[in-house]
Structure formats: structure tokens, C-alpha cells
Number of protein chains: 4
Amino acid sequence: MTAAPEPTPLPLNLHEYEAAARAALAPATFDYVAGGAEDEVTLRENRDAFDRWRLLPRVLAGTPAPSLTTTLLGREVALPVLIAPTGFHRLCCDDGERATARAARATGTIYTMSTAASLAIEAAAAEAADWWFQLYVYRDRAVTRELVARAEAAGATGLVVTVDVPALGRREADDRNRFAIPPGLTGANVPSPSPERPPADASDSGLAAFVAGSAWEPALTWDDLDWLASLTPLPLIPKGILHPADAALAFDHGARAVIVSNHGGRQLDGAVAALDALPAVAAAVAERGEVYLDGGVRRGTDVLKALALGARAVFVGRPILWGLAVAGEAGARRVLDLLRAELARDLLLCGRASPAAVDRALVVPAHQPLAP
Amino acid sequence: MTAAPEPTPLPLNLHEYEAAARAALAPATFDYVAGGAEDEVTLRENRDAFDRWRLLPRVLAGTPAPSLTTTLLGREVALPVLIAPTGFHRLCCDDGERATARAARATGTIYTMSTAASLAIEAAAAEAADWWFQLYVYRDRAVTRELVARAEAAGATGLVVTVDVPALGRREADDRNRFAIPPGLTGANVPSPSPERPPADASDSGLAAFVAGSAWEPALTWDDLDWLASLTPLPLIPKGILHPADAALAFDHGARAVIVSNHGGRQLDGAVAALDALPAVAAAVAERGEVYLDGGVRRGTDVLKALALGARAVFVGRPILWGLAVAGEAGARRVLDLLRAELARDLLLCGRASPAAVDRALVVPAHQPLAP
Amino acid sequence: MTAAPEPTPLPLNLHEYEAAARAALAPATFDYVAGGAEDEVTLRENRDAFDRWRLLPRVLAGTPAPSLTTTLLGREVALPVLIAPTGFHRLCCDDGERATARAARATGTIYTMSTAASLAIEAAAAEAADWWFQLYVYRDRAVTRELVARAEAAGATGLVVTVDVPALGRREADDRNRFAIPPGLTGANVPSPSPERPPADASDSGLAAFVAGSAWEPALTWDDLDWLASLTPLPLIPKGILHPADAALAFDHGARAVIVSNHGGRQLDGAVAALDALPAVAAAVAERGEVYLDGGVRRGTDVLKALALGARAVFVGRPILWGLAVAGEAGARRVLDLLRAELARDLLLCGRASPAAVDRALVVPAHQPLAP
Amino acid sequence: MTAAPEPTPLPLNLHEYEAAARAALAPATFDYVAGGAEDEVTLRENRDAFDRWRLLPRVLAGTPAPSLTTTLLGREVALPVLIAPTGFHRLCCDDGERATARAARATGTIYTMSTAASLAIEAAAAEAADWWFQLYVYRDRAVTRELVARAEAAGATGLVVTVDVPALGRREADDRNRFAIPPGLTGANVPSPSPERPPADASDSGLAAFVAGSAWEPALTWDDLDWLASLTPLPLIPKGILHPADAALAFDHGARAVIVSNHGGRQLDGAVAALDALPAVAAAVAERGEVYLDGGVRRGTDVLKALALGARAVFVGRPILWGLAVAGEAGARRVLDLLRAELARDLLLCGRASPAAVDRALVVPAHQPLAP
């Protein structure tokens, strides 16, 4: 599909981008992007978890117009909001990952390219400024090594290793829709599985067939992380950690940062919300490296809450796809612009001059009187 | 009724089996199976209690493809999910308990046959592999002794003794529907009461009349349990225990295992949810025998939560009947297949290789941040 | 109105009696009976408070068929459920308080006659067995003295003194409906105010005008309670106490029992639910006299929860009026019959042989796992 | 618009005034007044916070008809309910702030005039009895000084300094409606910005343009408060404080009272509810000056809860505008009359003779049994 010009009036916030994307996409495609595993408990919890916190602003501190700039692993980004890895951007607009990369570049943030990109690593990378590569580890370690080498060669500055897909979570909407990634969108980077083939089993989606048929390693170990660290100088950033002990292990095995995530509620339904896991993870490893949050961020105040609870930055996934679906690169850019504008205003309204000034004292438990 | 072939597309989960069964059954029959006592508070709580817990998975443990096999009282089952005793399976499909027994056999799990089976013990047992007999104790102890002897002779390997029916809970939908078990479906195993007669009182269902007219013992005692233990070498498994002290007493009086259950919300409305009672019961008696959970299990993640909270296995009741109603034996089998597939995937996603590897650390309280 | 014969099929529970009464009564009359003050927060809370508790039954105790008999202030009643004082029963059926008195007599429980009865004290008392008189204290103490004397002469065995009406709560539905007690239903016992006159102010209901114009004492004191005790040998039972300290004061000033009540949510909106106040009141005064609960009881299990939390008996108000509206005396009787049948079954299902056997251990907090 | 005569029947409470105002106002105007920032989380929380508390009344204390009179900063008001500063009253009725001032005078309470009044300070002040001036501090301190001087000259007795608008909160309904303050309603007191110009940016409301274009100081400091204190003998009352430490700082810098407020949920969405912040603020500074509550008050019982939790008085904002919209001055007066009547009745029902008699013991946490 070709991205239409942006709708008039423009969506006012990320919720409206989702609504506009629902109108723009084929229903099964929307479901694929929007959906979660099984009963979508975790999908909802990822959002609800933000509502467990309220902000306690300070006033009269003479806060100047905030700067949103921060550093991640020593490199500067214009705001502490990154693009999460998601697959098959050409489902949402013709330019696919190229559009995403350009939007990130225009915004001054990091684009995380998925192994499941619908364009070749090199093609998308050509449009990117700072970008990270998200890796699914293949059983065939030669394939894995090759992916890492290509990403490194194409200029990636970080390697995000997904650790929460020993099997694909069951997204029943996809089964119901018999959703299959359209021919031509898969295999951009790894030739082996033929994901375009029709699903073998009526009760399974094409996507599940793709993964089942694929060569992703279902039994990853911490040794594999060590091995990856030995392959590349890129900083390793495991994604999909919820348990504080796993976060500690990650740093034991060479990680430079961890991404607290439940895969957007698409893997284990009933898993703890990402934001609910964040404070314990941050408490366990804050001295050892950076902690990022992925899951449910839709507002500038969500970003603030995550920062207050220990994240150095957050990722947004689906909202970028809504932006792509609504208006291609311009849509993705405007999604990031909206978050940036909200975050700047929210920092000011909280009496904070920068992301670094956001501390634990900014948030208090919701639905109860302030503790005296 | 004759079980229809399975619908196309196949139901994707147990919730969809319930919806399909609602369409397949006469409304009053559906209500009889689905309903609970009075305001159905406990019926709902049995489900809601699972939502009080979230899963905290581990990653990168190199978990191999899980084995679901476990042992119950020393005997192996293919998965820690058993068929709960429910009455009158011929309400749902012509083959009735024979179909259920075959589904259990095909799945490698235990079928628990109800005293209120709509087929003779021996007829259903002929189709079963491993099976337990559920006993309602009759005032006439000769009748009781005869039932136990027949079950033992027919090959039962366990005796589940229902302890929560000193009177029948009031299921008002049955009263409203003037529901009566159809002629021919009752009395398969005990001749005395004539449950097929029309209800004597317009405000009472035929079922209540059946029980009121029946000779079930309303004032069972721990001595009765001792007496049953003296009757048979079969392991005694009281069903319907919620209080930890009762669980301890059960083991004092010869029980080999206890089933934490509130009779699927069909007896005392307002009784504590089965899952809510489980951890305290398990803490009280875990060293003395096995603890099972009955009530509200619909997902593989429900099974995991119950195991984490102290159950060695769980029972499913209504879902089996939905399977029977939708497609007879094949339907019941597929219900179990779905649970097996979910459980296998969920174990893997939790970083656990087997039911035995599921520990208390897998679950955390829902709706709140992880404790640091 | 003349009470119709009972509907077919008979209502199955008190909720259905309410629905049937809504159909039987003029909307403004239904609203007058059903409604609460302002936003009806407390009205709802009175019900919701029961849902904060779950029952933890015992099994295999050999519980015989329970007896519901108990004693109140030394006198036996057939069940621990009394008829609360409510006004103007002839709004609901022609026989009015006579029907109520007969229903109580048939059931073996106590009828509490309201000062605002729509029949003369003596006329209603003639149909009653054991009954208590509910007193609104008039500014004119001679009127008050006369009411007490008449009640005593007519055979009352207790004097319930309402203490929570220093002003009438604002029931906005009555204002909206411009509800007025119909001519002929008021003034049965006190001649002074003419409540039948049309409301003076368009924004006020006729009822508010009645009270505003009446001579009820708005500034009652503990001395007034002493004075009442000096007037009559009848046991004094203050009704409308929520604060534990007030319960203690009541016993200091001659009370024999207290009724924990917020006037069915009709007075101070936002007041604590009656059941929520009960345990603290019972803890404060249990050694000094009896404690009763009024507010929100609709099920046998509600009665059990109140008993477990310290009440010796409970009152039902509106449900009796629903019974009267649906079928006159027979309806009120059947409402009590339903509660009796539920209570008997519930006791048995809880493993308790009598109200006296209901202890604090029967209830546990809802919506959470059982404490180990 | 000209205020219509009051509707028949008169609205019974403030909720009905809101409904009547919705019918009377242009939709975009209603949205401007009613709306909050972004997802309106804080807007709702301001109301919900009152539902976290229940009232625990006392009885038989012989409470006389209550007096509502209290003092604020040493001056007597007829009731502890003040008119909050809100802008542009001529949006709601032709007489605008004049009508509001008269309503306050008739009621015997304080009118707080907004910097954003749609009439000149002097014109509105001419109709007021006791009134306070609400100040937005301008970057141009000469403009600021001039406003303070005019307010002082016109007879203001207090200076409310808004401290929570370093930037305007995003009220998306205004953006959606492209709402602009109509020509002629702005600039009554400060000439510089021309708020009537059409919005420059399609995605921004006229109001945001007004503020963006205005000269309000975005980086106020405690020194600015000191400076204001040096300008005028009027008592300084910072408005928009939520953090207890900021309340303490306010008194360090010359404040005589503080207003706990989140600007009616119109600034930082997700900010803690005003009532939730109140007890901690009151605990921190109660010895040092007066604390007021602004946000969500709609009932007499809300006033009582705020008083019990540490407020000496409360503000109502939107309800006054609903009154103006429905019936001009008479409507605003009746809104205050309703609150006065409710408060008088509620005090009596709580067994309290005056606002001063309301203590912390009057409120208990909702949704749970009373602590023993």
C-alpha cells in the first residue's frame, strides 16, 4: 500500500493515530500489529500499569525550557524515546523500514531494525542515522554470525538480542484471520524459511507456520550471549527480560544494557507488565548498566513515569507502525514529534529541566492518598 | 443428541468451546452445566482468582522442549490436567461417559467418573485407561459399599469422595428453567430415587427434587472417611475442601490427596475461590500428600499458576462437557489437546522444562509493581 | 392498592421480589422505597460491603440439619432475621402494617413497627406476636411519652429508638417525583403535622415537607436516652449507630442492644456501610449487650456474614415492602421464607449447626488469596 | 449569550447544573469549561478521590442547627466554600464576572477574580463584597506590578498566585474544536497579546495560541514570590501546590495560605488528585497557615471530607460556571445555595455543629471494614 497523505485534521495524539491506522489498514493486518497473545491480558496490563502511578510535580523551581537530550551507552539522542524493533514495516507503507529509518533520523533518535525487516539490512540502514540491529538467533550459527556481521558492516551501533521467543506466542486473532505475511515481505535478510507459503494447518496462522518452520533457536542460553559478545564489538542489549535475576545475569554475560519487555504482550499471556517489572529490575542492576522499558508507552507522561521508575529510555513499537500506516515517514515522524512535544511540556509542568532530573520522587502510587 | 462433526473453523481455545457448546445445547441444558449457585459470585471468583497472579518468566536458561509428564499418587499421566467428575454426560453427546473415557485415554490422563454418570460404571470403565471413581456417600451404607466395590472391580485406581454436598446448592437458573434430567439419563448406577419424575414443586428444579429425594448422606463425618478407607485399598481423595484445617484432617483420616474445590461454584455461593484457597491448603499439608485444584481452569497459564501455588495437578470439568457437546469424543479430546499445547508453549515461555520445575517464584501478585 | 395474587412463577429470591415490586408499584412509590440519599453512594455500599467477604466452609463435621432458632434479649425467635421499621406500609398493600405483623407472626420473628406506620399502633399490634416499636422522639415530650405508653400498652417487647434523623436525608428522586405520601396514610399515630398537604416548595418533596413541618427532635442527646429508659421498662435499642464509641455510650445510657445502621442509605450519603461498621462496633461492645445489623441483607449468606462479623441478628427492610407490594402478607411471608430456606441451606453448606455456631473464622477477606 | 431564566424544575444538585449547562452552552464552550488535559485522568481522579473516603457520623450529641460561618485569614465568610478563579465568565452569561461577584456577595463568600476575567478588574470588583485577585505573573514585571496595584486599589483582600502554569496543559478537546475565545472577551486587563486572532496552527486551539503568544512567565521562582510579597500588603496565596515540600517552601516565602490544586485537571494529566495530596500537605504545614482545597467539590459531603483531611475551606470552579450558564447570577447563587444547604444538613447528620468541629475522625477509608 502507498501511504496516504496525513488525514485532516491531524491526529492529536497516539491514540488517534491508532484509530486512524485501524481505518487505513486491512483488518487482518491491523489485528496482526495490534494484537497480543491469547486473552491479551498482558497487552492490556502493559497500558494499565502506567495508571498505577501518579505524578507529583514541583513548582516555582524556575525550570527553564527543558532539554530532552540524553545519552544512551554514551551516544547522544535527542529524546529518551527509541523505535522498538517490529517486523515487516512494508505491511504499513511501501517504503517500509526506509521510512522508519528516516523518521528516526529526522527526530534524532535511534531506529532499531528487526531481523524480520521487510527490506534488506543494508537498504534500511542507508536511510538511518544512529540505529541498532535486533537479532533473532538462528539455530544455524553461521546464519546468525552473518546477520551480525552485516549489521555491523552496515553501521549498526548496538545489537538488541531478543530473548523471549523460545516459541512464538499464540496470537489467536492471527489464527482466526488466517493471517499470512504477504509474498515479497519476508526473507529480506534470511533466505531459508519460505514464509509466504500458505499455512499448512487451518488452525494456525501463516506467521506461526513461518516461525515453526524457521530456524530460530528455541533453547538460547547465557553462553549464547557470551558467544555473541565474542562475535562483535557492538554493545549487546538483551530484550525481553522481566526477572531482576535475569537482568543481573545479562550483565554477567556481557550485556551493556537490558530492555525490560514482554514483547508487547505478544508472547506469554499473563506475564507481568513491563512497567511493573521495571522498578525491581532497575533496583537490581542500576549500577551495572542502562535499563530501558518497552511496552505500552503512548504519552509523554508514560515516558516520565518510566524514567522515574528506573528506565534511561523507552521504546515505542506499535505507534510507529500506526504512523507509517497513516502517512508513511511523515506519520512516523509526527508520532515521535507528538511524544517529544508532550514530553517537553510534561517535564516543564513537573518542574524538571531534563530527563536526568526525573527522579523516583516524581511518582507516587495512584488511587490512594499521598503518604504523609 | 448426536454429536455433530467439529465446527469449521475449529474453536481456538476453551472459551470458544464454551460459546460453541452454548449454540449446540438446549438452553436449559447449557444453563445446567454452565450455572452456579444463587448469584454466581463464586462461579465468577473461580475465574477471577487466576487474574490475581501474573507470571514472571525466566529467559536464556536453555530450556529444552518441555515434557508435560508427571505422576499422581505414583502413577504417570501425560499432563497435569485431569477430567473432573461431572454428571450426566449423555446430556452433551450420545456416547456420554464412554466418549469422555476415550478422550482421557487418548490424551493419557485420568478420567474421573461421577456417581451421577449417565452410563453404568462398567460400561464407561470399559473405555477408560486410568480412571478414578467419584463417590457420593449414600445414607444406605450398603448402597455405598456396593458402589465402591463396583468401581474397584471395574478398575478404578482412585476414589474421589465428594465432601461438599450436605445439601444441593441452589442453582436458580435450573429452577427458572424447571430443568429436569431427561428420562433415561439417571439411575444408571443407583436404582432408588426416580429422578425422572417431574418436579413436585413449581419453584424447584427436577434436579433439586432428585437430590432431595435421594439418599445421599447430608451429615458426613471424618469417621465416614475412615470407614471408606477400611472398605477399599483405593487411594481416598476427598473433593471439596477449602479450609486448610480440613485438608490436614483429611490426611489424618486416610486421604492420599485432597482436591481443593468449591464444586465449580455450584454449592455455597460466596465460598472462597478454589485458587484463593490453594496456597494456604498447600502450605498446611504439602508434606503429607498431593493437592489438586478444581475450578476455573481454562488456559495453560491457569495450570501453571495452580502448579506454582501448590497444586500437583488440576481438574477441568465444564470444558470437557463443552467439548462433548460440540463434537463428542473428538471435542473432549481437542479440549485436552488445546490445554496440552498451551501448557507446553507456556512452560517454554516461562523457561521451565516440566511441571516439576514450576515453583512459587513463577507467580507474582497482579495489578502491582514487582516487589523489589 | 390491593395486593395481587403472587406472580407465576414465584420470584426465586429477594432480587426478583424487588423486580416484581418495581412492576407492581407506581414509579414514584417504588423510588420512595428503593431510593437513598443524594448520589446513593451509601445505598450501594451497604450491598457492596457484603462482597468484601468470602465464606470459608468446613466439611465432614457431621453437621445435622441446622436449627435457626436464636434468642434476642432473652426471647426466642425462629430465625435471626427481623423486620426493620419502615413507614407507610399501606403504600404497598391495603392491609399495610397488619399484613406485615401477620407475616412476622407466621414466621416466628419480630416485627418492628415504625412511628410512621400507616395504621394505628393498636391496629397493627393486634395482628402481631412478638413486636418492637420504633420511636421517633418528638420535641413535644408529651407526645413522645404518649407514643411509648401506647406501644407498651399494645404489647411491644422492645423500643427501637432512631438516632440518625436530626434532619431528613435528601432523597432527590422524591424531590424529582414531587412525591407525597397519599392522603390517609399519615398521621395514624401523631396528629400534629399534616403531611398530606401539597409540598410548599417545588424543589422539595412532600415527605421532606412533612418532616420539616413535624415536631421530631433534631438535637437528641444521650440524656434523652436516659429519659426514655426512665419512662418504660421496655428494653431500649438505639438504631442508627455506626461509631464504636457511640455504641459504647449507648450501653452507658441504658441500651440493651444497638442496631448498626445508616438508615438504609437514606440519611447521610457517604456514610460508612453498615456491614463495614459492624466488626468495630461488635469489638467495642460485644460484652455489654447485643448488636444487630441493618442494611443490605438480601441473601442467607449475607446473614451468615453479619453473624460472623459480630451481629446477633439482622434486619430486613425494603425486601419486606417488596413482598407486600407483590402479594401482601403472603409476599412478605415468602420473602422471610426464602431467607429462612437460604439460611438453613447455607449453614449446612458451611458446616454449622446453628446461628450460635457461626464464628469469625467463617469469613475471610474477598478478592485475595487466603492468608496462610 | 443572555442568561435564560432558571429551568423548571430547578436542578436539584450540582450534577444537574452541569447537565443543564451542557444543554445551554455551545458544545465547544462546554468542552472548554468541562475539559481537562490529554486523557483527563486527573480530571476524573479529582472526583474519584472523594470516593476513597467514607463518613463516620456521631449521634445523640445534641448538635444544634449548625453554623457554617468560618474565618479565612481572619475574615469571616458565611461558609467554607469559595469561588475559584476561572477565566472568561462572559462565555457563560452576558454579565460575566459581575454576575459572579454578585452571587458571592449574596452568599457571603469570597469571589476570586481571574487575571483572565472578561471584564476589567474594577468593573467586576464594583459588584463584589469580599474578593481575592488571582494573578498570572507576566514576564514583564511592570505589567505584573500594575495588575497587583489595580487589584489592591479595587479592594481585593487576597492575592492568589497561580504557580502551576509554566506552560498551558494540552486540552485536546479545544484543539479538536479549534476553540477560540470569542472577540471581545479577552484582554480586559492586559492589552498586549491579541488572543482573538485565529489560531496560527490548525492543530492548536486559539487558547493555546493566546497563552503561547502571551507574556506569562514560564519559569517562576520562589524569589518571585518574595518579590510579590514586597509589592503588596495583600496576603499571598499560591495556587497549584501538590507537593508537601512546596507547601512548606511557600510559607518560607511569605505565603499566608496555600491552595492544593492541580488546576482542575487542566494542566499536567496524571498529576495526583488534589484531595489525595491534601492530607500530606496539611500535615506538613498545618501549623504555619491555612490550607485550601480546589478540585472536584460537588457535594456538601465533599466539603466535609476536605475539611476533615486538613482544608480550612474549598474552592468550586466549574459549578459556578454551570450556574452562570443556566441562569446567570441567580444560577451561580443557587449553586452556592445548594452547597450551603447540603453542608448544613450534612454537618447535622454527622453530629457536628460547625466547620471547626469537623476533625480527622469524621472520615475513614472507603471500601473496607472500619479499623477496630
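How each quantity is defined
Residues numbered from 1 in each chain as written. Chains lettered and ligands numbered in written order. Predicted model: local features only at pLDDT ≥ 70, side-chain atom pairs only at ≥ 80, totals over all residues. Heavy atoms only, no water. Helix = DSSP H or I, 4+ residues; strand = E, 2+ residues; numbered from the N terminus. Rg over C-alpha atoms; globule rule 2.2 N^0.38 Å. Buried < 20%, exposed > 50% of the residue type's maximum accessible area, 1.4 Å probe, protein only. Contact = heavy atoms within 4.5 Å. Salt bridge = Lys/Arg side-chain N within 4 Å of Asp/Glu carboxyl O. Polar contact = N/O pair within 3.5 Å; in protein donor to acceptor, adjacent residues only side chain to side chain. Least-squares fit on C-alpha atoms with pLDDT ≥ 70 in both. Buried area = accessible area lost by both parts, 1.4 Å probe. Nonpolar A, V, L, I, M, F, W, Y, C, P; charged D, E, K, R; others polar. Axes fitted to C-alpha atoms, helices over the stretch in contact; angles between N-to-C directions. Parallel < 35°, antiparallel > 145°, perpendicular 65-115°, else oblique. Left-handed = near helix turned anticlockwise from the far one by under 90°. Pairing = 2+ DSSP bridges. Right-handed = clockwise from strand over helix to strand, strands pointing away. Core = buried A, V, L, I, M, F, W, Y, C linked by side-chain atoms within 4.5 Å. pLDDT = per-residue confidence, 0-100. Lys, Arg positive; Asp, Glu negative; His and termini not counted. Phe/Tyr/Trp six-rings, centres within 6.5 Å; stacked < 30°, edge-to-face > 60°. Arc of directions from axis to C-beta.

Attention shifts here to the overall build of chain A. On a plain count of helices and strands, chain A comes out with 13 helices and 12 strands. Against the globule reference of 21 Å for 372 residues, chain A gives a C-alpha radius of gyration of 20 Å, in line with a compact fold. Counting only C-alpha atoms, chain A reaches 60 × 50 × 40 Å along its principal axes. Taking all 372 residues of chain A together, 65% fall into the buried category. A sequence separation of at least 24 residues applies to 72% of the contacts in chain A between residues at least 6 apart.

Next up on the list: the pattern of salt bridges. The final tally for this structure, using the stated rule, is 100 salt bridges over all chains. One salt bridge connects D130 of chain B with R75 of chain B, and the closest N-O pair in it is separated by 2.9 Å. Taken together, the residues span a long stretch of sequence, with D130 of chain B in the loop between α5 (121-125) and β6 (131-135) and R75 of chain B in strand β3 (residues 75-77) at a distance of 55 residues. Via salt bridges that share partners, E38, D39 and E172 of chain A together with R299, E342 and R345 of chain B belong to a single interconnected network.

Turning our attention to the interface of chain D and chain C. Listed as interface residues are 32 residues of chain D and, on the opposing side, 40 residues of chain C. Inspection of the chain D/chain C interface yields seven salt bridges. For R299 of chain D, the salt bridge is made with E172 of chain C, and the minimal N-O distance between the two is 2.7 Å. If you look at where chain D meets chain C, you find 14 residue pairs in polar contact (both at pLDDT 80 or more). Within the residue set of the side of chain D that touches chain C, elements represented by two or more residues are α1 (14-24), β1 (53-55) and α13 (318-350) of chain D. The leading source of residues in the side of chain D that touches chain C is α13 of chain D, at eight residues.

In screw terms, the move from chain A to chain B is a rotation of 90° and a rise of 0.0 Å along the axis, fitting with an RMSD of 0.0 Å. Taken together, the turn and the small shift mark the pair as related by a four-fold rotation axis. Within chain A, H367 of chain A has its C-alpha nearest the rotation axis, a separation of 8.6 Å.

Let's shift gears to the interface of chain A and chain B. Facing the 40 residues of chain A at the interface are 32 residues of chain B. Summed over both partners, the interface of chain A with chain B comes to about 3,100 Å²; 60% of that surface belongs to carbon and sulfur atoms. Where chain A meets chain B, there are seven salt bridges. With a shortest N-O distance of 2.8 Å, D39 of chain A and R299 of chain B are connected by a salt bridge. Applying the counting rule to chain A against chain B returns 14 residue pairs in polar contact (both at pLDDT 80 or more). Put simply, the parts of the chain that give the side of chain A that touches chain B at least two residues each are α3 (41-48), α7 (172-177), α9 (222-231), β8 (236-241), α10 (244-252) and α11 (274-285) of chain A. The dominant element in the side of chain A that touches chain B, judged by the number of residues it contributes, is α10 of chain A, at four residues. Taken together, the residues that form the side of chain A that touches chain B break down as 21 nonpolar, seven polar and 12 charged.

Below, the discussion takes up the packing of helix α4 (residues 97-107) of chain A against helix α13 (residues 318-350) of chain A. Axes are the key here: two packed helices are described by the angle between their axes and the distance separating the axes. Residue and element names in this part refer to chain A. In the contact formed by α4 and α13, the axes pass within 10 Å of each other and the chain directions differ by 15°. The angle between α4 and α13 falls in the class roughly parallel. Relative to α13, α4 is oriented so that their crossing is right-handed. For the pair α4 and α13, contact is made by A99, T100, R102, A103, A104, A106 and T107 and by I320, L324, G328, E329, A332, R333, L336 and R340, respectively.

Residue and element names in this part refer to chain A. The element strand β7 (residues 158-162) is largely enclosed, with a buried count of five among its five residues. Taking every second residue as pointing to the same face, both faces of β7 are buried, with G158, V160 and T162 on one and L159 and V161 on the other. Where strand β6 (residues 131-135) and β7 come together, four bridges link them in parallel fashion. In the strand pairing of β7, Q134 is matched with V160. The handedness of the β6 to β7 crossover, carried by helix α6 (residues 141-153), is right-handed. In this structure, β7 lies alongside β8, joined through four bridges in parallel fashion. Residue pairing across strands places V161 opposite P238, the latter belonging to β8.

The next thing to look at is unusual backbone geometry. Even without a glycine there, the phi angle at E40 of chain A is positive, about 60°. Counting through the fold element by element, E40 of chain A comes out in the loop between α2 (27-34) and α3. The exposure class of E40 of chain A is partly exposed, given its relative accessible area of 24%. The phi dihedral of E38 of chain C is positive, around 45°, even though this residue is not glycine. By the secondary structure assignment, E38 of chain C is in the loop between α2 (27-34) and α3 (41-48).

L293 of chain A, L293 of chain B, L293 of chain C together with L293 of chain D are the most contacted members of the largest nonpolar core, which totals 455 residues. Once residues within four sequence positions are removed from consideration, L293 of chain D is found in contact with F50, V260, A274, L275, L278, A306, A311, A313, V314 and F315 of chain D.

Once that is clear, we can look at the confidence of the model for chain A. Scored by pLDDT, chain A has a mean of 93; 92% of the residues are at 70 or more. The ipTM assigned to the predicted complex is 0.95, against a pTM of 0.95.

It is worth spelling out the side chain of K305 of chain A at this point. Residue and element names in this part refer to chain A. Take K305: it is sitting in helix α12 (residues 300-308). Of the side chains with opposite charge, D302 comes closest to the buried, unpaired K305, at an N-O distance of 5.0 Å. In this structure K305 touches F50, W53, R54, L55 and V363, once residues within four positions along its chain are discounted.

By secondary structure assignment, the location of H15 of chain A is in helix α1 (residues 14-24). Linking H15 of chain A and P319 of chain A, residues 304 residues apart in sequence, is a C-alpha distance of 8.4 Å. Leave out the neighbours within four places in its chain, and H15 of chain A touches R47, R298 and R299 of chain A together with D39 of chain D.

Turning to the packing of aromatic side chains, a few remarks are in order. Residue and element names in this part refer to chain B. This structure, assessed with the given rule, holds 26 aromatic pairs over all chains. Pairing Y292 with F315 gives two aromatic rings, centres 6.0 Å apart and planes at 65°, and the pair type is edge-to-face. One end of the pair, Y292, is in strand β10 (residues 290-294); the other, F315, is in strand β11 (residues 313-316), with 23 residues separating them in the sequence. Each member of the pair, Y292 together with F315, is buried.

Across the gap from chain A to chain C, with no contact made, the nearest C-alpha atoms are 17 Å apart. Regarding chain B and chain D, which are not in contact, the minimum distance between any of their C-alpha atoms is 17 Å.

Now for α1 of chain A. All names here are of chain A. Buried residues of α1: L14, Y17 and A21, and no others. All buried residues of α1 project into a common sector of 45° when viewed along the axis, lining one side. Summarising the geometry of α1, the exposed residues directed more than 90 degrees from the buried face are R22 and A23. Those residues of α1 that are buried are in contact with α2 and α13.

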